[in-house]
There are 2 protein chains.
Amino acid sequence: MSYTVTDYLLDRLHEVGVEHVFGVPGDFTLSMLDHIEADARIEWVGCANELGAGYAADGYGRIRRMGALCTTFGVGELSAVNAVAGSFAEHVPVLHVVGAPATGTQAAARATHHTLGDGDFRHFARMSTEVTCAEAFLTAANAEDEIDRVITEVLERRLPGYLSIPTDVGESSATPPSAPLPAHPGVTNPQALAAFEARVRSLMLPSRSIAILADILVQRMGASDELHALLDATGAPHATLMWGRRVVDESAASYLGSYVGAVSAPGVREPIERSDVLIMAGVQWTDLTSGFFSEHLATERTVDVGPRSASVAGETFAPIAMTDALAALVEIAGTLDSATASPAVAHPVRDQHEHAEPLSQATLWDTVADALLPHDLVLADQGTSFYGMGTHRLPHDVVFIGQPLWASIGYTLPAFLGAALAASDRRPVVLIGDGAAQLTAAELGTIQRNGLGGIVVVVDNDGYTIERAIRGRHANYNTIARWDWPTLANALGAGARTRAGADAGADASTVGLVARTVGLVARTVGELRDALAGAQENPSRLTVVQAVVPALDVPPLLAALAAQASSANARPQAT
Amino acid sequence: MSYTVTDYLLDRLHEVGVEHVFGVPGDFTLSMLDHIEADARIEWVGCANELGAGYAADGYGRIRRMGALCTTFGVGELSAVNAVAGSFAEHVPVLHVVGAPATGTQAAARATHHTLGDGDFRHFARMSTEVTCAEAFLTAANAEDEIDRVITEVLERRLPGYLSIPTDVGESSATPPSAPLPAHPGVTNPQALAAFEARVRSLMLPSRSIAILADILVQRMGASDELHALLDATGAPHATLMWGRRVVDESAASYLGSYVGAVSAPGVREPIERSDVLIMAGVQWTDLTSGFFSEHLATERTVDVGPRSASVAGETFAPIAMTDALAALVEIAGTLDSATASPAVAHPVRDQHEHAEPLSQATLWDTVADALLPHDLVLADQGTSFYGMGTHRLPHDVVFIGQPLWASIGYTLPAFLGAALAASDRRPVVLIGDGAAQLTAAELGTIQRNGLGGIVVVVDNDGYTIERAIRGRHANYNTIARWDWPTLANALGAGARTRAGADAGADASTVGLVARTVGLVARTVGELRDALAGAQENPSRLTVVQAVVPALDVPPLLAALAAQASSANARPQAT
């Protein structure tokens with residue numbers, strides 16, 4: 001078989017670190033899947049549905065340089081588009097590859113399956129342009145250039161991109177890459193950087209205290225090393241927004257906690273709002289992470305380092321890469337008298353609970369937090385999980401993933417699949433409400449089929465408690481169909497052993513990875529502790545715990561945010 | 001509480017026959033849901049996820065005048081958009097109501113949850129314009145007019161529409177409707193109709209044989225009565241495309257079967273292609289229903305009645321409503337010497353099978369067809385189910401629903417929910433492959449929560465056999481995670497009894513509708529017969545049958561279509 005456009009795409013994917021492609025087959029993608037199946041470097045991860053595949057690719061893209069999603073025209077791509085939009089909102093690099101009808105079929109403009117029947121084959125690509133940073137319609141003539149252009153944009157902008165590949169184009173001949181993708185040219189203007197440095201020095205020199213507030217864009221812009229150097233150089237007390245918990249080590253002595261505007265704990269709020277100088281790194285304010293924009297920070301005392309610019313006391317210097325601005329701050333910090341270093345922060349001590357205590361929002365998250373280990377991969381779904389964990393410190397080197405801007409409930413279960421395949425050295429722990437988990441539960445089957453161990457805690461409160469907190473506390477619409485989660489987990493893992501047993505003739509007993517799955521119900525602290533201890537003893541096992549809590553119990557942080565949300569929803573005028 | 005915009009919307013929904021609204025709650029829809037919950041005329045049907053809700057609303061819209069779907073901004077609406085696009089492709093009237101952030105929140109243009117964070121609140125509405133026929137952004141000032149305009153368009157065009165309702169606008173005061181929605185003015189031009197009639201007479205007078213080919217648009221345009229009058233008046237042999245099976249009575253003596261172009265059975269193909277006059281009613285050719293456009297019909301002998309025009313021997317007359325054109329044909333047929341009536345068609349006799357025979361694509365569909373009853377509601381998913389049933393005649397008055405143009409696998413399971421609530425006097429029977437069912441299985445919980453009886457046959461062939469038939473016969477990507485369907489059905493029905501038991505404090509034993517669910521595995525004809533007989537004896541029960549067939553077995557009709565699809569996918573030039 002000669003070298004094709006699809007081979008070129010797979011070479012580029014491999015070059016940027018993509019070892020798994022997530023999706024659901026469709027007749028317009030099958031020849032592409034043949035190439036993937038023949039490629040030892042890249043594995044196809046077939047998902048139960050496209051939304052799950054999209055979330056999995058997003059989870060992968062939050063760990064690796066890029067995630068990859070492959071769906072079929074129309075029906076497949078649209079089922080995934082909520083996930084792609086989430087990647088855009090949350091700055092996650094994902095390439096969405098869509099298998100399209102053959103060039104000849106499109107030219108004939110007839111009522112082809114997976115179209116609206118009106119002869120227009122661009123409806124769905126136009127929809128995707130709203131939620132992607134680069135799009136291409138591949139032809140035999142433009143394919144190599146367009147693949148390079150879209151992948152480069154996705155990597156540089158940390159946003160999703162879209163490639164439409166007609167079936168015949170994927171199979172047309174191509175020339176292998178002659179060189180790696182071009183490195184991104186540095187964005188920083190030296191004069192802008194020098195001016196920034198001078199302005200920073202004049203602000204910081206007389207200051208007696210520095211605090212640092214970091215957020216997710218530090219990770220997205222690849223500036224984590226520079227941030228940590230700055231934390232080391234200053235020893236400054238620091239916080240993150242809840243979106244950006246993963247960018248710092250929450251076990252550090254000078255870590256304060258999460259800053260959530262007016263809803264912050266006093267021990268976080270005061271140092272952040274009252275320091276002589278506040279350095280913000282990669283902060284993006286959103287309603288749910290800022291207590292509905294209740295942050296109270298004095299611009300004249302703030303250094304704000306963004307992705308491609310930096311401001312000092314309201315004066316903006318650009319273009320400056322985040323990495324360069326942070327490196328400059330490290331250097332400046334080294335030259336200052338260190339009146340800035342602060343004493344170690346007193347970390348709050350978690351309440352101790354008796355074994356027999358019933359699970360509640362309070363005891364549940366305390367018990368989960370106690371069971372987390374350094375280096376875990378924690379995914380907390382929007383709702384009581386994300387906010388319940390918001391006030392608990394994470395152990396050293398935990399990667400914490402949430403989705404507070406896009407806030408699409410159900411995200412974390414498929415994201416477990418993608419993130420766990422991307423970070424196979426970490427133990428995945430998913431924390432998710434039962435209402436949320438119903439949106440994406442099918443991927444529990446895919447997780448088992450791929451032999452992934454880990455923990456899934458399904459918070460059983462019979463519905464959408466995050467919505468109950470906002471409105472409809474007792475309303476029927478906030479309850480859900482009642483599911484038996486341990487039984488469900490087992491039903492979806494009936495053939496985890498068939499992973500490598502594609503041929504129908506093969507004996508199921510002869511094949512691959514087996515994920516032993518254990519499903520449990522926990523109603524007390526002790527039952528949950530036992531379940532989590534059992535999971536720790538059997539790391540290759542998938543443990544699904546249905547943790548029963550009262551339907552109307554709400555973590556305090558979520559209650560405060562929900563009151564603000566309810567008030568915002570009633571508001572006809574901007575405030 | 002004063003009368004609000006939401007109350008106005010609900011009054012109009014009720015006026016057009018909407019008694020159920022499908023969706024998933026979100027904080028931007030909660031106040032709307034309060035009004036629905038307070039309205040005794042309209043029931044909220046909370047689904048596991050939005051794609052399921054969208055399919056359910058589509059199933060409802062295929063039975064009633066309109067379906068209604070309610071989702072939240074961004075995350076919710078995008079998860080449903082594949083279903084809405086399917087409603088567009090398949091001409092199904094569905095109103096998609098989206099709860100949006102408050103007017104003031106939108107004006108502030110900040111990074112609000114469920115947005116991309118860029119201050120643009122119109123991304124998702126722009127996406128929806130590609131797959132809806134009318135869109136409106138409600139304000140307190142325009143709400144009544146815009147609600148009326150969009151609903152009227154949806155009803156007239158039989159296509160989905162989109163209403164964006166900011167939270168504050170839904171709660172703003174409104175004036176109740178002073179009159180019903182205006183009736184649609186007839187489209188027919190009397191001169192065009194007279195010219196059409198004259199041309200028809202000149203074509204039909206010398207003819208010795210008439211055949212009729214009908215399709216789905218007859219049902220969509222509300223012209224079923226006129227079609228049946230025409231069938232009675234002519235006694236003509238007739239066929240439908242597979243999309244339009246429901247528009248005729250397949251137990252009729254003069255019914256031929258499905259016309260699928262060159263793939264048709266000879267007993268269908270010859271009368272349709274060789275009659276002196278062929279009357280086509282509401283036919284839309286699509287690749288999968290025409291054997292990839294292999295229909296072979298002589299234009300000079302054809303009368304083609306479309307939604308708003310009619311052609312005779314290639315000459316088009318417009319505007320003429322389908323109902324008027326068909327009524328004219330009935331009258332003309334009554335005046336002709338009836339050399340046109342044909343003898344009764346010999347219906348093929350189904351093969352008889354032994355109890356012990358293993359299930360296969362042949363024995364499976366024969367056995368299912370034997371168990372169908374008059375008046376059933378049969379939903380056949382794209383794949384072996386739709387094509388496997390394609391060669392089996394349906395009993396009297398069966399409503400047959402498939403989705404051969406949009407062809408989104410997994411559609412029928414949620415569509416069961418919507419169609420069964422819309423047609424509560426019919427027994428629902430869903431036929432779906434295991435690969436397809438994984439996309440939407442969660443709604444098995446919603447079906448049980450709503451106490452719906454019926455039959456779900458899950459065809460267990462370990463994957464996507466429709467894709468295997470096209471490409472990748474033995475490929476790993478066409479296999480799926482193995483699920484235990486009977487266990488799954490029970491896991492998702494753990495609390496069917498809690499339907500009306502919203503309050504967490506309520507005793508589960510005190511409340512409402514109980515759907516007894518039975519899950520079974522069938523490997524032989526006898527096991528399947530027993531399962532279907534048990535279902536017939538217990539009509540209020542949900543019976544889920546996992547019917548095991550060989551992975552590589554393909555119904556003959558699907559095999560022929562798949563070969564054509566494979567050839568089309570390799571084609572760079574239009575042919």
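The notes below deal with the structure included here. (Residues numbered from 1 in each chain as written. Chains lettered and ligands numbered in written order. Predicted model: local features only at pLDDT ≥ 70, side-chain atom pairs only at ≥ 80, totals over all residues. Heavy atoms only, no water.)

Moving on, we come to the interface of chain A and chain B. Each partner contributes residues to the interface: chain A has 103 residues there, and chain B has 104 residues. Both faces considered, chain A and chain B share a buried interface measuring about 8,400 Å² in area, 58% of it formed by carbon and sulfur atoms. Counting the contacts that link chain A with chain B gives 8 salt bridges. Residue Glu 130 of chain B pairs with Arg 126 of chain A through a salt bridge whose shortest N-O separation is 2.8 Å. The tally of links from chain A across to chain B stands at 43 residue pairs in polar contact (both at pLDDT 80 or more). Broken down by element, the side of chain A that touches chain B gets its largest block of residues, 8 residues, from helix α4 (residues 75-89) of chain A. The residue makeup of the side of chain A that touches chain B, split by class, is 51 nonpolar, 32 polar and 20 charged. (Contact = heavy atoms within 4.5 Å. Buried area = accessible area lost by both parts, 1.4 Å probe. Salt bridge = Lys/Arg side-chain N within 4 Å of Asp/Glu carboxyl O. Polar contact = N/O pair within 3.5 Å; in protein donor to acceptor, adjacent residues only side chain to side chain. Helix = DSSP H or I, 4+ residues; strand = E, 2+ residues; numbered from the N terminus. Nonpolar A, V, L, I, M, F, W, Y, C, P; charged D, E, K, R; others polar.)

Turning to the nonpolar core, a few remarks are in order. Ranked by size, the top nonpolar core spans 377 residues in total, and within it Phe 196 of chain A together with Leu 13 and Phe 196 of chain B carry the most contacts. In contact with Phe 196 of chain A, not counting residues within four places along its chain, are Val 303, Ala 310, Val 312, Phe 317, Ile 320, Ala 325, Ala 328 and Leu 329 of chain A. (Core = buried A, V, L, I, M, F, W, Y, C linked by side-chain atoms within 4.5 Å. Buried < 20%, exposed > 50% of the residue type's maximum accessible area, 1.4 Å probe, protein only.)

With an RMSD of 0.0 Å, the fit of chain A onto chain B corresponds to turning through 180° and sliding 0.0 Å along the axis. On this basis, the relationship between the two copies can be described by a two-fold rotation axis. Distance from the rotation axis, computed per C-alpha, reaches its smallest value in chain A at Met 127 of chain A: 2.3 Å. A share of 100% of the interface residues of chain A reappears at the interface of chain B, consistent with the copies meeting face to face through the same patch. (Least-squares fit on C-alpha atoms with pLDDT ≥ 70 in both.)

This brings us to unusual backbone geometry. Note on backbone geometry: most residues besides glycine have negative phi, and most peptide bonds are trans. Residue Pro 319 of chain A follows Ala 318 of chain A across a cis peptide bond; omega there is -10°. Secondary-structure assignment places Pro 319 of chain A in the loop between β13 (315-317) and α13 (322-335). Look at Arg 158 of chain A: it is not a glycine, yet its phi comes out positive at around 55°. Assignment of secondary structure puts Arg 158 of chain A in the loop between α7 (143-157) and β6 (161-166). Look at Arg 158 of chain A and you get partly exposed, because its relative accessible area is 21%. A positive phi angle, close to 65°, is found at Asp 397 of chain B, a residue other than glycine. For Asp 397 of chain B, the position within the fold is in the loop between α15 (384-388) and β15 (399-401). On the basis of relative accessibility, which here comes to 32%, the residue Asp 397 of chain B falls in the partly exposed class.

Let us look at the sheet that holds strand β7 (residues 210-214) of chain B. Residues and elements named next belong to chain B. Pairing is mixed across the open sheet formed by 7 strands, whose spatial order is β9-β8-β7-β10-β11-β12-β13. The outermost strands of the open sheet, each flanked by one partner alone, are β9 (255-258) and β13 (315-317). Adjacent strand axes in the sheet meet at a mean angle of 20° when their direction is disregarded. Note: β7 against strand β8 (residues 238-240), 3 bridges, orientation parallel. The residue of β8 that forms the bridge with Ile 212 is His 238. Of the strands in this sheet, β7, β8 and β10 (277-281) are in contact with helix α11 (residues 224-234), which crosses β7 at around 160°. (Pairing = 2+ DSSP bridges. Axes fitted to C-alpha atoms, helices over the stretch in contact; angles between N-to-C directions.)

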